[in-house]
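The primary structure of each chain is shown beneath.
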Amino acid sequence: MFIATSASAAVKTETVEYKSADGTLMEGYVAYDDAIKSPRPGIIIVHDWMGLAQFDKDKAEQLARQGYVAFAADVYGKGVRPANVDEAKPLATKYKDDRSLLRSHIHAAYDTLVAMKQVNAKKMLVMGYCFGGTTALELARDGVPLVGTVTFHGGLSNPTPEDAKNIKGRILVLHGADDPFVPAPEVQAFKDEMKTASIDMKFIAYPGAVHAFTNPAAGNDNSKGAAYNTAADKASWTEFENFLKEVF
């Protein structure tokens, strides 16, 4: 069992360049406690549709202080960072419409993290936000040996539900009960997919929460469909930390 610590840590951070199978150059961000010498669990953090940002880096550093090696992945490629929603939408759609490409790009992040000497390759987990939740699930559906997959207000659609049989490890879905971007039929189809494949899945829906409920930058107007929710943010992170203790 891995025991995480919240003590003061000598957190080291690095920008990491790596390539996907199609040759796309990526630029991720890794954080870990340099004082820990033994291999420890690795956590991949997948960004939302705006691309790798400070939010993801902050999460990586937070998890590093708890003793994990956390890698904020880059799905889009080095330097590809949407400036606004109008730029983000077609970019995210490109990957959601081509799940093979999406899997290839997130698989490159997995390969990069698992190869790091600080990481215990048998204890790998992926987590993602919004678009990153969709991406995390695709890595799991690709049969990668993970102990867990976690989504925060992630998209749950899947054009190939039969691939759920490939999932290794447990699934935790942290969902906004009022999220208009992940409608009830999509939620039900996902639950059916997990049940059919006999996946160990826990689904938690937070009342009053919409899309992006963990991101303070989303504002507080639920009518826009995406808004920060303090209670859901804190409750979901606690659920996530408990999940880490269980799977690691």
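That block above? That's the structure.
Small disclaimer: the values here were computed from a predicted structure and weren't measured.

Engineer: Explain the pattern of salt bridges to me, and be specific about the residues and the numbers.
Structural biologist: In this structure the tally under the stated criterion is 13 salt bridges. One salt bridge connects Glu138 with Arg99, and the closest N-O pair in it is separated by 2.8 Å. Of the two residues, Glu138 is situated in helix 4 (residues 131–141) and Arg99 in helix 3 (residues 99–114); the sequence distance between them amounts to 39 residues. For the pair Glu138 and Arg99, one class covers both residues: buried. Close ionic contact of Asp200 with Arg170 constitutes a salt bridge, the shortest N to O distance being 3.6 Å. Taken together, the residues Asp200 in the loop between helix 5 (184–196) and strand 8 (201–206) and Arg170 in strand 7 (residues 170–176) connect sequence positions 30 residues apart. Where salt bridges share partners, they join Arg99, Arg103, Glu138, Arg141, Asp142, Asp163 and Glu193 into one cluster.

Engineer: Please provide a residue-by-residue account of the layout of surface pockets, values included.
Structural biologist: Gaps between atoms show up when a probe of the same size as a water molecule is rolled over them. Computed from the structure, the largest pocket encloses a volume of approximately 700 Å³. If you trace the largest pocket, you find 28 residues lining it, with Trp49, Cys130, Phe181, His211 and Ala226 closest to the centre. No other element matches the 5 residues that helix 2 (residues 85–96) contributes to the lining of the largest pocket.

Engineer: For the packing of aromatic side chains, give the residues involved together with the corresponding values.
Structural biologist: Scanning the entire structure with this criterion turns up 10 aromatic pairs. Look at Tyr68 and Phe248: their rings are 5.6 Å apart centre to centre, the planes differ by 40°, and that puts the pair in the tilted class. Taken together, the residues Tyr68 in the loop between helix 1 (54–65) and strand 4 (69–72) and Phe248 in the segment after helix 6 (230–247) connect sequence positions 180 residues apart. Aromatic side chains Phe152 and Trp237 sit 6.2 Å apart centroid to centroid with 25° between the ring planes, which places their arrangement in the stacked category. With Phe152 in strand 6 (residues 148–152) and Trp237 in helix 6, the pair connects residues that are 85 residues apart, well separated along the chain. An identical accessibility class is assigned to Phe152 and Trp237; each is buried. Note that Lys59 overlies the ring of Trp237, its terminal NZ or CZ placed 4.3 Å from the centroid. Directly above the aromatic system of Phe203 lies the positively charged group of Lys191, at a separation of 4.5 Å from the ring centroid.

Engineer: Requested: an account of the nonpolar core, with residues and values cited.
Structural biologist: By size, the foremost hydrophobic cluster in this structure holds 43 residues, and its most contacted members are Ile44, Phe71, Tyr95, Leu113, Leu139, Leu146 and Ile171. Looking at this core, the element that brings in the most residues is helix 3, giving 7 residues. Not counting chain neighbours up to four residues away, the residues in contact with Ile171 comprise Leu137, Thr149, Phe190, Met194, Ile199, Asp200, Met201, Lys202 and Phe243. Within the second largest apolar cluster, 30 residues are counted, among which are Leu63, Ala64, Leu125 and Ala232.

Engineer: Please provide a residue-by-residue account of the side chain of Asp74, values included.
Structural biologist: As for its position among the elements, Asp74 is in the loop between strand 4 and helix 2. At a separation of 3.2 Å, a polar atom in the side chain of Asp74 contacts the main-chain amide nitrogen of Tyr76. Setting aside chain neighbours within four positions, we find Asp74 in contact with Tyr18, Met26, Glu27, Gly28, His47 and Arg81.

Engineer: Describe the environment of Phe203, listing the residues and the values that go with them.
Structural biologist: Inspection of the secondary structure assignment puts Phe203 in strand 8. It is 8.3 Å that separates the C-alpha atoms of Phe203 and Ile171, two residues lying 32 residues apart in sequence.

Engineer: How would you summarise the environment of Asp58 if you had to cite specific residues and measurements?
Structural biologist: In this fold, Asp58 is placed in helix 1. According to the relative accessible area criterion, Asp58 is partly exposed, its value standing at 39%. Expressed as a C-alpha distance, the spacing of Asp58 and Ser104, which sit 46 residues apart in the sequence, is 25 Å.

Parameters and conventions
- Residues numbered from 1 in each chain as written.
- Predicted model: local features only at pLDDT ≥ 70, side-chain atom pairs only at ≥ 80, totals over all residues.
- Heavy atoms only, no water.
- Salt bridge = Lys/Arg side-chain N within 4 Å of Asp/Glu carboxyl O.
- Helix = DSSP H or I, 4+ residues; strand = E, 2+ residues; numbered from the N terminus.
- Buried < 20%, exposed > 50% of the residue type's maximum accessible area, 1.4 Å probe, protein only.
- 1 Å grid on protein atoms, 1.4 Å probe; cavity = no way out; pocket = protein on both sides within 12 Å on 5 of 7 lines; lining within 4 Å.
- Points joined across faces, edges and corners; volume = space filled by probe spheres on them.
- Phe/Tyr/Trp six-rings, centres within 6.5 Å; stacked < 30°, edge-to-face > 60°.
- Lys NZ or Arg CZ within 6 Å of the ring centre and 35° of its normal.
- Core = buried A, V, L, I, M, F, W, Y, C linked by side-chain atoms within 4.5 Å.
- Contact = heavy atoms within 4.5 Å.
- Polar contact = N/O pair within 3.5 Å; in protein donor to acceptor, adjacent residues only side chain to side chain.

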